[in-house]
Amino acid sequence: MSAAKPSLSRQQLITELLTQGVRVVNPSGQHVSRQGGAGPSDHQAMTLDGVTVMVPIYTQSAHHSAYEIEHDGSRTQLLKNAIPVRDITVAHKPRFYDLHTAEGIPYSQIATLHGTDVLATTVLQTCIRYENRAKACQFCAIGQSLAAGRTIARKTPQQLAEVAKAAVELDGVKHMVMTTGTPSGSDRGARIMVESAEAIKAAVSLPLQGQCEPPGDPLWFQRMKDAGIDALGMHLEAVTPEVRARIMPGKAQVSLEYYLEAFADAVAVFGRGQVSTYILAGLGDTPEAILSLSETLIKLGVYPFVVPFVPISGTPLAHHPAPDAAFMSRILQPLGAMLGEAQLRSSDIKAGCGRCGACSSLSSFEKAVA
Ligand code: SF4
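Rules used throughout
Residues numbered from 1 in each chain as written. Predicted model: local features only at pLDDT ≥ 70, side-chain atom pairs only at ≥ 80, totals over all residues. Heavy atoms only, no water. Helix = DSSP H or I, 4+ residues; strand = E, 2+ residues; numbered from the N terminus. Rg over C-alpha atoms; globule rule 2.2 N^0.38 Å. Buried < 20%, exposed > 50% of the residue type's maximum accessible area, 1.4 Å probe, protein only. Contact = heavy atoms within 4.5 Å. Areas by Shrake-Rupley, 256 points an atom, 1.4 Å probe, with all protein chains shown as cover. Lys, Arg positive; Asp, Glu negative; His and termini not counted. Charge placed at Lys NZ, Arg CZ, Asp CG, Glu CD. Pairing = 2+ DSSP bridges. Right-handed = clockwise from strand over helix to strand, strands pointing away.

### A closer look at the overall build of the chain
Okay, so step 1: Along the chain, the regular secondary structure elements total 12 helices and 14 strands.
Okay, so step 2: Whereas a compact globule of 370 residues would reach a radius of gyration of roughly 21 Å, the chain reaches 19 Å, a difference of no more than 12%.
Okay, so step 3: Referenced to the eigenvectors of the C-alpha coordinate spread, the extents of the chain come out at roughly 60 × 50 × 45 Å.
Okay, so step 4: In the chain, which comprises 370 residues, the share counted as buried stands at 58%.
Okay, so step 5: Residue pairs at least 24 apart in sequence account for 72% of intrachain contacts in the chain once pairs closer than 6 positions are excluded.
Okay, so step 6: A total accessible area of about 14,600 Å² is found for the chain, and carbon and sulfur atoms account for 52% of it.
Okay, so step 7: Counting 32 positive and 33 negative side-chain charges, the chain places the averaged centre of each group 1 Å from the other.

So, in C-alpha cells, the structure goes:
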C-alpha cells in the first residue's frame, strides 16, 4: 500500500497532528519518545515533508485521534481515518543514550534528544512553585520523570558538558536548550544557566538557549551572555490576568509588566530576535489576546513562540481539551504574517525552541517579506 498523493497541506497536517496527536499502531521498539518532565512530554518526534514535529502519542486525545502511524518493515506511514496520507520517519534512539558517566548515571538521564538535532535538559528538576500544588503551574510535569527515576534532580555543569560533547560528536546535535525549575534565589535560575553554559562552551562548540524566569537583577542577562548563552527564553505561557492566575497561580504573581521590562532588557543584551517566549494556546486566552500581546512582543524584538497546549497525563490539566486546528490557525496565520513583516524568523534564532519549532506549526506560517 503506498501513501496517497498529499491532499492535506503540510501546514494543515502539522497543525492537526500537534493538536490531535497520533496513535502508534505497532511501535517499532526503535523510536524515541518521552513521558513526563518539562517541555514536550508524552511525545514522539517525527519528520514529514522534511519538517520535524513533536507529536503527542501518550495523551488522552492521541488515543482518539484520527491519525495513526504504522510501521511496515523499513517503512513508516501516517494514516488519517485509515487512509495513508504520508510516508514519515520517526526519530530513533540517539547513540549518546547508550553511554553513562563514570558514576554510572545514564546520559539519557542528564539530557534528551528533542526533535532530531536538539539536545534538551532541565538543569534543576525541582521548582519552588511545583512543590506546592496551590502555586504550581497546572500544566507542568517537571516532577514526574524525577519521581519515575528517568532523570536526576540536579545536572552538574560537568555532567552537562560531558553529555553535550558526546551528543555533538556521536549524533550531530546542532543546538541545545537548557531549562530549569525555578530555584528560591532572586536570580530565578540565571545563575544555574551561567554555570552550565560556561562548562558546556569550554567542552564543545554548541549554540545554547537558556530558559528561566525574569531575574531580579537585569545584570544577569549580560552574565548569561558572557557565559555563552546565545539565546534566551522567558516563558509567559498565558497572557490574560485571569488565565494566568488560574493556570499558574504562583508564576502569575510576576506581573506581565515585569516580564515586558525584562524582555526589553534582555533584547538589549542578546539582540533582536534572540529572545523568545513560549505561549500555550488553548488554556482560555482568546486568539485576539494572544495576537495583541504578540504584537507588543514583536515590537520589542521578542519572538512569541505560540504552541498548542497539550494535556499531559498525571497533571491537573490532564483532561483539559487541546485546542483544535482551526483555533490554532486563527492565531498562527496572522502571527506568521506579523513575524514576516517584522522580519523575525525562527531560522534566524541561534538556538532553542523558536529555532527548533517542533512543538508548533508557527514557522510554516511565517511569511517571507522581501
Ligand atoms: S520546540 Fe523546544 S520544547 Fe519543543 S521539541 Fe523543540 S526544543 Fe524541545
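There is more to say, and it comes next.
### Observations concerning the pairing of strand E10 (residues 175-179)
Okay, so step 1: When you tally the buried positions in E10, you get five out of five residues, the bulk of the element.
Okay, so step 2: The pairing of strand E9 (residues 118-122) with E10 spans five bridges and is classified as parallel. Looking at the pairing, Thr122 lines up with Thr179 of E10.
Okay, so step 3: Relative to strand E11 (residues 208-211), E10 runs parallel, the two sharing three bridges. Note on E11: the bridge partner recorded for Met176 is Leu208.
Okay, so step 4: Handedness of the crossover joining E10 and E11 through helix H5 (residues 190-203) is recorded here as right-handed.

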